[in-house]
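Letter by letter, the chains look like this.
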Amino acid sequence: MRERYVAGPLAGLRVVELSTEITGPYAGKLFADAGADVVKVEPHLGDSLRRWTASGQALGKGENGALFEYLNSGKRGIVADLESGPDRDFVRRLALDADIVIESFGPGGAEAFGLGWDTIHAESPHTTLVSISKWGGTGPWADRPGTEFTLQAATGSTGQRGLPSRGPVGSGGRIGEWIPGVYAAVGGMTGWLSARRTGNGHHVDLSIFECLCLCMTIFHDLNSQFFPGPLPQSIDTPSIEPAKDGWVGLCTVTGQQWKDFCALIGQAELGEDPRFYDAKARMEHIDFIHGIVHAYTKEHTVDEIIELMSLGRIPVNPLGNGQTLLEMDHLKERNVFVENPAGFRQPRPPYRLGSDERKLEVQPAPKLGEHTDEIRAEQTTRDPAAPAGGGPLPFEGLRVLDLTAFWAGPVGTSYLAELGADVIKLESIQRPDAMRFAGSVMNETMWEFNPIHHGCNSSKRNLTLHLDSEDGMTLAKRLMAKADVIVENFSPRVMENWGLDWETIHALNPRTILVRMPSFGLDGPWRDRVGFAMNIEQVSGLAWLTGYDDLPLVVRGACDPMGGQHAVFALMLALEERRRTGEGQLVEVPLLEPALNITAEQVIEWSAYGELIEREQNRGPAAAPQGVYPCSDRDEMDASPGWIAIAVATDEQWEALRRALGDPAWAREPAFATRRGRRAAHDTIDEELRRWTSARTRQNAAATLRTAGVPAEECINSHTLFPNPQLEDRGFFQVMEHSLVGPVRYPGLPMRFSGLPRALRQAPTPLLGQHNEEILRNELGLSEDEIKRLRENKVIGTRPAFMEASG
């Protein structure tokens, strides 16, 4: 066996990857980067991604596309014909000997090759099987045609993004194929860790649709339970704005940030107008707001705007793409991009463990069938280790102190809580999690009525401590000394100002793992910049590929849950190292770097081929035609046309589209038989499709196309995601009774574990300070008098201090 890319925490773990394209291979890449032995199984013609480039390069014989090289670096590769008995037996033995198997054959596909869950589990109980499919392996939509583009529309994400006058816009960059990859890796690790406790692996049934429901909407189904709908189609403002010399990325999440932004551009009076604290109100007056904002931005350079906004702590950054990312001083100083042996630049793994600078050489991707003989020769049956004991929840007994706020950090720690960890969310009444107030229901306890906060914080306990007080810090340190894991996502200076650097925490408990999730990293020129998901989308390239030809747009939030899952994966690696060494360590997962990994194709195409990938509104390189098309029924919000999303990803689907349309004369053009020909004639095809859809309702048009086998979905309003027969059949939602809000329908995980209940949330989102007395008395041994004194001194409490002052 050749030397692994990283002799890291997963050395000795065997993963068999029976997957093509992006999702499964990205999961496999995360395992390989951490030192696992990942064996990629391909048909004799190879993974279709070997011949892919987004810019349509003519590849030489035996030459792999650069994206394939990136996704499969450090793996071993074999070829096998699963239709052949001997090859099928070979792969089956390989799978039975693996710790984790990743497959994306679709519902029933693995069973057809003798690799289904019942077979694997009966013969190898310790093995975990991760099955990736568009809609999930079960349910009425399991066999429904789809692409990541049409799945975006089915979540409501597409219908909410864009200007009403110009139509909705899906997210670019094939994001819906990348995001599920990290969930697949986390699900596989979860199953493996559970198997180590019980001896029984899991069938992890991963739904890409459910992943996108969590990542491509901002908990909009929860939002629909707090606010009337439907949600209007809109863009953020300020967001990506024209500067004197290009585009600059901005965001104002809180009302205070909006006021400060207005003051900085000389419009303090506008900032004091309470109407515009709400982003929805700014959208309703978009021309007026743009006129004021652009009068400033167009007269200043990107660097000038960044300098001024940074001084005012306004989230700001340049707009990144495949070319400019390689030139950014922050990313160069942090050595984020490394050389691939195939001759291009790629992002390094999106985390740092301990003092690891990851100055290790990237190993090449396997040539087609390169290791077939080697693996056949070494194939022996490994004896799994005896179960360590315990229940199937892999984090049962793990103590987590959660100092995170907003979305990325809390959603990561909520995964730990749902899988058995005791997570204490630490806030203060002086500075509670600001997400509690960003888009909350305006009532006397508004901090308990925020949809995003509810979505990210169930199953936890909540404690308030004023860390700027001596008593509060003393108690916090006592909790830290007991914690297995501490997670925080402040800008780096916050922990340092509290005197809570890594050395201090390590001294309190050498076994503690500290996970830090700053926006841009613990070092580098941007370390102290404030950043939210929208900023990460702007700088990483996600926004570069999303929007209209003349107006890039943010995706809205995808980087938060996706970054949170990368942090969970990195934490699992640190826990594995602690199991071997007994030592905790510092884990750094900057929110930017997971995003750079899923936008890697832009840098790869530029550095490999000198091609800058550009946004094409709703078109994309992987399907043609692809777009959103108007229908005869009207939108319930503004009476604009309803829309459907259509994506023809294969030549077979093109033939199906022709049949669904009645095989009109225009569609018989021979050049249209290939994707290249259809892309060249996209305008013509779009015109004909618009004519056809405009004569039909959304429901009728989409159903007609799907019946023929063409991926097509209505662009729903995300407030109407529920009821949904597929999500309901799969038990995606879980209703729990909240003491103030009442019954709340929470979304579940985007995967089902065969050995665990579907409903994994243990309790609804806790109230601020709900568990103060329980934790202080039972965990720290404080008396009633001591707790009373803390309450009187505002060290603890259950109501934000500034709300008491105003009330």
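Refer to the structure printed above.
Notes on the structure follow. (Residues numbered from 1 in each chain as written. Predicted model: local features only at pLDDT ≥ 70, side-chain atom pairs only at ≥ 80, totals over all residues. Heavy atoms only, no water.)

1. Observations concerning the sheet that holds strand E1 (residues 14-18)
The pairing of strands in a sheet comes from backbone hydrogen bonds and takes either a parallel or an antiparallel form.
Piece 1. Spatially, seven strands are ordered E3-E2-E1-E4-E5-E6-E26 in an open sheet, and the strand pairing comes out mixed. Two strands lie at the open edges of the sheet, namely strand E3 (76-79) and strand E26 (751-753), each paired on one side alone. Across the sheet, the axes of successive neighbouring strands diverge by a mean angle of 20°, strand direction being ignored.
Piece 2. Note: strand E4 (residues 100-103) against strand E5 (residues 128-133), four bridges, orientation parallel. (Pairing = 2+ DSSP bridges. Helix = DSSP H or I, 4+ residues; strand = E, 2+ residues; numbered from the N terminus. Axes fitted to C-alpha atoms, helices over the stretch in contact; angles between N-to-C directions.)

2. Regarding the nonpolar core
Nonpolar side chains in soluble globular proteins generally cluster together in the buried interior.
Piece 1. Core analysis: the biggest nonpolar cluster contains 137 residues, and Leu10, Phe31, Phe395 and Tyr415 have the highest contact counts within it.
Piece 2. Residues in contact with Phe395, not counting those within four places in the same chain, are Leu193, Tyr415, Leu416, Leu419, Gly420, Ala421, Met572 and Leu575.
Piece 3. Of all hydrophobic cores here, the second largest spans 29 residues; its members include Leu403, Leu426, Met480 and Leu514. (Core = buried A, V, L, I, M, F, W, Y, C linked by side-chain atoms within 4.5 Å. Buried < 20%, exposed > 50% of the residue type's maximum accessible area, 1.4 Å probe, protein only. Contact = heavy atoms within 4.5 Å.)

3. Remarks on the packing of helix H1 (residues 23-33) against helix H8 (residues 175-198)
Piece 1. Remark: H1 packs on H8, axes separated minimally by 7 Å, with the N-to-C direction vectors making an angle of 50°. As far as their axial angle goes, H8 and H1 are oblique. Considering only the axes of H1 and H8, their crossing is right-handed. Touching Thr23, Tyr26, Ala27, Leu30 and Phe31 of H1 are Glu177, Trp178, Pro180, Gly181, Val182, Ala184, Ala185, Gly188 and Met189, all from H8. (Parallel < 35°, antiparallel > 145°, perpendicular 65-115°, else oblique. Left-handed = near helix turned anticlockwise from the far one by under 90°.)

4. Brief notes about the environment of Arg529
Piece 1. Tracing the backbone shows Arg529 in the loop between strand E17 (513-516) and helix H23 (533-540).
Piece 2. Judged by relative accessible area, Arg529 falls into the buried class, the value being 18%.
Piece 3. Separated by 216 residues in sequence, Arg529 and Arg313 place their C-alpha atoms 7.2 Å apart.
Piece 4. With residues near it in sequence (within four places) discarded, Arg529 still touches Ile306, Ser310, Val316, Asn317, Pro318 and Phe520.

5. Let's talk about the packing of H8 against helix H24 (residues 559-581)
Piece 1. In contact at an axis separation of 9 Å, H8 and H24 are set at 30° when each is read in the N-to-C sense. Classified by the angle their axes make, H8 and H24 are roughly parallel. Relative to H24, H8 is oriented so that their crossing is left-handed. Judged by residue contacts, Ile179, Val182, Tyr183, Ala185, Val186, Met189, Thr190, Trp192, Leu193 and Arg196 of H8 engage Pro561, Met562, Gln565, His566, Val568, Phe569, Met572, Leu573, Glu576 and Arg579 from H24.
Piece 2. Broken down by class, the residue content of the contact of H8 with H24 amounts to 14 nonpolar, three polar and three charged. (Nonpolar A, V, L, I, M, F, W, Y, C, P; charged D, E, K, R; others polar.)

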